[in-house]
Amino acid sequence: MAVRTLWMWAFFLLRLAVTAASSLPAAEVTHLVFADLQSLQAEHVDDTLRTGFHFQPPKHWINDPNGVMYYKGVYHLFYQYNPKAAVWGNIVWAHAVSMDLVDWLMLEPAISPSAPFDVNGCWSGSATVLPDGRPVIMYTGINEQDQQVQNVAYPKDLSDPYLREWVKPDYNPVIAPDAGVNASAFRDPTTAWQGPDGVWRLVIGTKDNHRGLAALYRSLDFKRWAPARRALHSGDTGMWECPDFYPVTSPGVDGGRKHVFKVSLDLTRYEYYTFGDYDYATDTYVPDASLADGNEGLRYDYGNFYASKTFLDSGKQRRVLWGWANESDSTADDVRKGWAGVQAIPRKIWLAPDGKQLMQWPVAEIESLRGNHVNITDKLVKGGSYFEVTGLTTPAQADVEASFQVMDLDKAEPFDPAWRAVDAETVCAARRADAKGGVGPFGLWVLASDELKERTAVFFRVFKRDDGAKHAILMCNDPSRSSYADNLYKPTFAGFVDVDIAATGKIPLRTLIDHSMVESFGGHGKTAILSRVYPTKAVGDKARLFVFNNGESDVKVTNLNAYDMRSAKIRSLN
Ligand code: DQQ
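What counts, and at which threshold
Residues numbered from 1 in each chain as written. Predicted model: local features only at pLDDT ≥ 70, side-chain atom pairs only at ≥ 80, totals over all residues. Heavy atoms only, no water. Phe/Tyr/Trp six-rings, centres within 6.5 Å; stacked < 30°, edge-to-face > 60°. Helix = DSSP H or I, 4+ residues; strand = E, 2+ residues; numbered from the N terminus. Buried < 20%, exposed > 50% of the residue type's maximum accessible area, 1.4 Å probe, protein only. Lys NZ or Arg CZ within 6 Å of the ring centre and 35° of its normal. Pairing = 2+ DSSP bridges. Near = heavy atom within 4 Å. Polar contact = N/O pair within 3.5 Å; in protein donor to acceptor, adjacent residues only side chain to side chain. Areas by Shrake-Rupley, 256 points an atom, 1.4 Å probe, with all protein chains shown as cover. Nonpolar A, V, L, I, M, F, W, Y, C, P; charged D, E, K, R; others polar. Salt bridge = Lys/Arg side-chain N within 4 Å of Asp/Glu carboxyl O. Domains from an automatic or database assignment. Contact = heavy atoms within 4.5 Å. Buried area = accessible area lost by both parts, 1.4 Å probe.

### Brief notes about the packing of aromatic side chains
Enumeration over the complete set of coordinates arrives at 38 aromatic pairs. On the basis of an interplanar angle of 40° and a centroid distance of 5.9 Å, the ring pair of Phe 261 and Tyr 285 is categorised as tilted. Placement of Phe 261 in strand 18 (residues 257-265) and of Tyr 285 in strand 20 (residues 284-287) is noted, with a sequence separation of 24 residues between them. We note that Phe 261, like Tyr 285, is buried. An aromatic cluster is present here, built from Trp 193, Trp 240, Phe 245, Phe 261, Tyr 278, Tyr 280 and Tyr 285 joined pairwise through their rings. One residue, Arg 455, lies across the ring of Trp 445, its end atom 4.3 Å from the ring centre. A cation sits over an aromatic face here: Arg 465 above Phe 415, 5.5 Å from the ring centre.

### Description of the sheet that holds strand 10 (residues 166-167)
Spatially, the 4 strands line up as an open sheet ordered 7-8-9-10, and their pairing is antiparallel. The open sheet has two edge strands, strand 7 (122-129) and strand 10, and neither has a second partner. Pairing of strand 8 (residues 135-142) with strand 9 (residues 148-155) involves 6 bridges; the strand directions are antiparallel. Within strand 9, the position partnered with Met 138 by the bridge is Val 152.

### Some details on the site of the ligand
Taken together, 14 residues lie near the ligand, and Asp 64, Gln 80, Arg 187, Asp 188 and Glu 241 sit nearest. Asp 64 has a polar side-chain atom sitting 2.8 Å from a nitrogen atom of the ligand. Calculation on the ligand without its partners gives an accessible area of 310 Å², and the protein chains cover 99% of this total. Those elements that place two or more of their residues in the shell around the ligand are strand 3 (60-71), strand 7 and strand 21 (306-313). Split into classes, the residues belonging to the shell around the ligand amount to 5 nonpolar, 4 polar and 5 charged.

### Overview of the pattern of salt bridges
For the coordinates displayed, the defined rule picks out 41 salt bridges. Across the pair Asp 118 and Lys 168 runs a salt bridge, and its minimum N-O distance is 2.6 Å. Remark: Lys 168 occurs in the loop between strand 10 and strand 11 (186-187) and Asp 118 occurs in the loop between strand 6 (104-111) and strand 7; sequence separation between them is 50 residues. Across the pair, Lys 168 and Asp 118 agree in class, each one buried. Salt-bridge contacts for Arg 134 lead to Asp 132; the nearest nitrogen and oxygen are separated by 3.0 Å. Using a relative accessible area of 33% as the deciding quantity, one classes Arg 134 as partly exposed. With relative accessibility at 54%, the residue Asp 132 sits in the exposed group. Several salt bridges share partner residues, and in doing so they unite Glu 327, Asp 329, Asp 334, Lys 337 and Arg 532 into one network.

### With respect to the domain arrangement of the chain
Annotation of the chain at the domain level lists domain 1 (9-42 + 59-359) and domain 2 (370-565). Domain 1 and domain 2 are separated by 31 Å when their C-alpha centres are compared. Each partner contributes residues to the interface: domain 1 has 28 residues there, and domain 2 has 24 residues. Taken together, both faces of the contact between domain 1 and domain 2 bury some 1,900 Å²; the carbon and sulfur share is 54%. Three residues stand out in domain 1 for area buried against domain 2, namely Tyr 302, Ser 328 and Met 359, and they jointly supply 28% of the buried area on that side. Across the domain 1-domain 2 interface, the total number found is 3 salt bridges. A salt bridge links Glu 519 to Arg 347; its shortest N-O distance comes to 2.8 Å. Summed over the shared surface of domain 1 and domain 2, the number is 14 residue pairs in polar contact (both at pLDDT 80 or more). Going through the elements one at a time, helix 1 (2-18), helix 2 (331-337), strand 24 (342-343) and strand 26 (358-362) are the ones with two or more residues in the side of domain 1 that touches domain 2. For the side of domain 1 that touches domain 2, the class distribution of residues is 13 nonpolar, 7 polar and 8 charged.

### Considerations on the environment of Arg 211
Counting through the fold element by element, Arg 211 comes out in strand 14 (residues 211-219). Overall, the relative accessible area of 37% leaves Arg 211 in the partly exposed class. On a C-alpha basis, the gap between Arg 211 and Met 239 in space is 6.9 Å, while along the polypeptide they are 28 residues apart. Not counting chain neighbours up to four residues away, the residues in contact with Arg 211 comprise Thr 206, Ser 234, Gly 235, Asp 236 and Gly 238.

Here's what the structure looks like:
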């Protein structure tokens, strides 16, 4: 983590340096306002690395998904948006609707600064559907005094299927920071939930010095809210942004039901979750004792994925997760491109049948974009070799599912006991894709250039453990060779995959490739890693796709299905 933090700061300073002369710090480090860039309308948009089937507006900056919901047959995605530039600032709630989570109709912003309670910004929040069928949005407004307060907004016309206009009642704000609450760190209300006692509850992210808190508020009428005596949860991990709290079911857990609690850590820009038991009567949440709670805990995604939010898709009886993928190029690059930020593919999320972790999988609807198909079965990849997956027309915009069988598990290297004290990311940074191993690295080279000098590796490495436990499987994303361009932040991302390779013999991988997005799922959705890359040669129809094996053990690709992906239709209403 220390290495990452250093990198983050180095990168942050690099971005700052580009616009240093005029950058004015706003509320906090992560909400820097680039004053001289705010009035720039991005007239030119460079499409080269824009995504085809991930959600992006036509131009400018986006960040957190907000108020995501399914309402009367329509999916609503609101998101933080700067209508003026490809850098953060002037934040409004942009709005898009979809019938299938694939194609989107862009509407006018739903919520923009207009009143004393949000004149300096409309920051993140959530939607709740009330028992009378009305949806309500609760969002953070930055008021005239630059304090963070919580406001509600209601649809103006419930008969409009797109709910285009939202009205902010004059009685806002409904929650203001009390004395003792840090007014510049009090934001991102969750969807509210109602207990059997009829009382509404929600939590707001805040901090008390270095202690992150999920402040709990209660209300009978969604208008007058009172703080509970105790926070729902807290941790020694700095400011907690974008909390999320929701029930999940699984036959593998006591009582068949758990509650998930997720936070986005402002300090590291990583998210962590636990699940455990929630008692409505006392409003207490107790994470399962088997789970780490803090910087060593479980993550939805071990890559560039932040400020996520889930919603219950009542139509399909599933929970869907949205998350924001930030850029990892420079601010100057973003201004030149005319855009910054992408939403990750919406993912179905559920509790694993063994009750040990959450699972995720791209919503099935995106498979409707699959086109031309290539299949490879039982192909041996000898140690130290690679082969190209040919036959796709658009390897820069593709969906690849592959299953790898390890032929000689005895070649697995011992898992260095010193690594137990560090995270997967540190192990992977020490053993990148080019470092030969016993079993692995093997996997995909995506967005590869003709001469193979540009390529992003998504791969596995299998280690033997000496403590009697099963093998350790590391899943990595190594972008160190992803681009000829300088000034890029190229972090190696990694997580362990809880697959018993000795029993299953195989490791499955799915990777969505979308020009500058590489979004991967290992172990059928046990471990996800999203990475942003900026190839200069492996772009458009020049990009290529390979399978590689840099380990001693041969690996068999038992089955690989690769599909060209058509672009989603993302259109404006007018
Ligand atoms: N982004 C919003 C905040 C939130 C942060 C501002 C997380 O409400 O805490 O754009 O990325």
